[in-house]
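# What the coordinates show
Given next are the chains, with one letter for each unit.
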Amino acid sequence: MNRLKKIAIIGGGIIGMTLANYLDTNKYNVTLFDEPTGQATSASAGIISPWLSKRRNQKWYQLAKDGAAFFPKLIQDFQLDDTIYQKSGTLIIRPAEKLDDLIDLAEQRKLSAPELGQIEKLSGEQTQLELPLLKALPSIKISGGGRLDGKAYLAHLKNLAEKKGLTLIKKRVSLPEQLEEFDQIILTAGPHLKNLLAPLGYKVDLRPQKGQLLVFDTSIKMSSNYPVAMLDGEADLIPFMNGKILLGATHENDAAWNLEPTREAFTQLTQSAEKFLADPQRLFNQPYHVRVGSRAYTSDFAPFFGQLNEQLLVASGLGSSGLTTGPYIGYLLAHYLNTGQKNWAIYQNELATYIKEAALDS
Ligand SMILES: Cc1cc2nc3c(=O)[nH]c(=O)nc-3n(C[C@H](O)[C@H](O)[C@H](O)COP(=O)(O)OP(=O)(O)OC[C@H]3O[C@@H](n4cnc5c(N)ncnc54)[C@H](O)[C@@H]3O)c2cc1C
């Protein structure tokens, strides 16, 4: 009998954990290493609604669109319940004069993304009926939008992985120490990929970006019935179950690896949101805590994933939309390892755009 190939995954965020659960255990003996300091997935806001993005990168949009369309399969495969993912709908709050153009964009995008669902222009009163925390401001409602609780998703998938017999180890790993033990290693370490690959002579186009968001504990019992609100500016409002209302998030390029919550973030987020709220102080006076995580960005803001050499595969650079693209990237990598089929050229530039051998880059 053939021995099972030994695979290590380094990084247990949304890519690594999804990939681990999709790997074929008849072929692979899987070990996942994770040390979750600054992990983006568990700090994230949870918005799954990429369709009205104004980003011009077509490959990114294709990936984000297909990532959102992948959710029904993900829900089915891993039996995600309402405490993890909800198709809540998304409200997009913009000045009244911009709404018609946005509706045109939504109609156009819906032609290739029917999962976007119904598109409705709402009056101020209708917006408030959907989400009473808001002022009476006109909006667009996209019924296919959803919210994913990143932390709950990882906890659920960790359980499934343990049941499948995968080995999960809480440990910070460095290369090349681990190389000899495994046939294949997949690096899904967020912005840390840069440091992991440095001792092997690779230069990676990646930078960390600090993100902070506020989690208010309110007594609003109906919160799970509310849609997500994408406000105009830095802050979005994401209601979850049991009165948990998220307000986030900051995009701090100068704070790099710093994971301290700051008073400035509270001020920035609340100031940015207050003009949209019916009674801002009522929310801001509730008990809250701050979540902090590090996003990974490339110079062109696009993710990358694939095979770096015979032994190593990589995935990173998901930026601020990695809850949307991450599960699908994890699935595509697992599908490749399980079947040998690569279905990802349409989604990204060549890996060499982002990862160079240091000697060749001088
Ligand atoms: C505040 C905030 C809000 C966000 N909101 C949204 C949103 O609303 N919608 C959306 O789509 N996306 C959102 N994102 C983006 C999304 O969370 C990320 O793009 C995505 O989670 C990245 O997943 P990942 O698996 O690549 O990395 P991560 O989730 O960061 O996981 C990488 C893991 O690898 C571990 N690791 C690193 N190095 C090592 C090592 N040497 N050994 C062991 N373990 C290691 C890390 O500690 C971490 O646990 C948000 C991000 C932040 C920070």
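Anything mentioned here points back to the structure above.
Residues numbered from 1 in each chain as written. Predicted model: local features only at pLDDT ≥ 70, side-chain atom pairs only at ≥ 80, totals over all residues. Heavy atoms only, no water.

On to the site of the ligand, then. Close contacts around the ligand come from 38 residues, with Asp 34, Glu 35, Thr 41, Ile 47 and Val 173 the closest. Arg 172 is positioned such that a nitrogen or oxygen atom in its side chain is 3.2 Å from a nitrogen atom of the ligand. The protein chains hide 96% of the 1,000 Å² of surface that the ligand would expose on its own. Looking at the shell around the ligand, the elements with two or more residues in it are α1 (14-22), β2 (28-34), α2 (40-43), β16 (288-297) and α11 (322-339). (Near = heavy atom within 4 Å. Polar contact = N/O pair within 3.5 Å; in protein donor to acceptor, adjacent residues only side chain to side chain. Areas by Shrake-Rupley, 256 points an atom, 1.4 Å probe, with all protein chains shown as cover. Helix = DSSP H or I, 4+ residues; strand = E, 2+ residues; numbered from the N terminus.)

Within the secondary structure, Phe 216 sits in strand β12 (residues 207-217). C-alpha of Phe 216 to C-alpha of Gln 286: the two residues are 70 residues apart in sequence and 6.1 Å apart in space. Apart from residues no more than four positions distant in its own chain, Phe 216 is found in contact with Gly 243, Lys 244, Ile 245, Leu 247, Phe 266, Leu 283, Phe 284, Gln 286, Pro 287 and Tyr 288. (Contact = heavy atoms within 4.5 Å.)

It is worth spelling out the packing of aromatic side chains at this point. Where two aromatic rings form a pair, the distance of their centres and the angle of their planes describe that pair. Applying the stated rule across the entire model yields 15 aromatic pairs. With 6.1 Å between their ring centres and 90° between their planes, Phe 33 and Phe 182 make a pair best called edge-to-face. Taken together, the positions of Phe 33 in strand β2 and Phe 182 in the loop between β9 (167-170) and β10 (184-187) put the pair 149 residues apart, joining distant regions of the chain. The aromatic ring of Tyr 61 is capped on one face by Arg 109, whose charged end is 4.2 Å from the ring centroid. (Phe/Tyr/Trp six-rings, centres within 6.5 Å; stacked < 30°, edge-to-face > 60°. Lys NZ or Arg CZ within 6 Å of the ring centre and 35° of its normal.)

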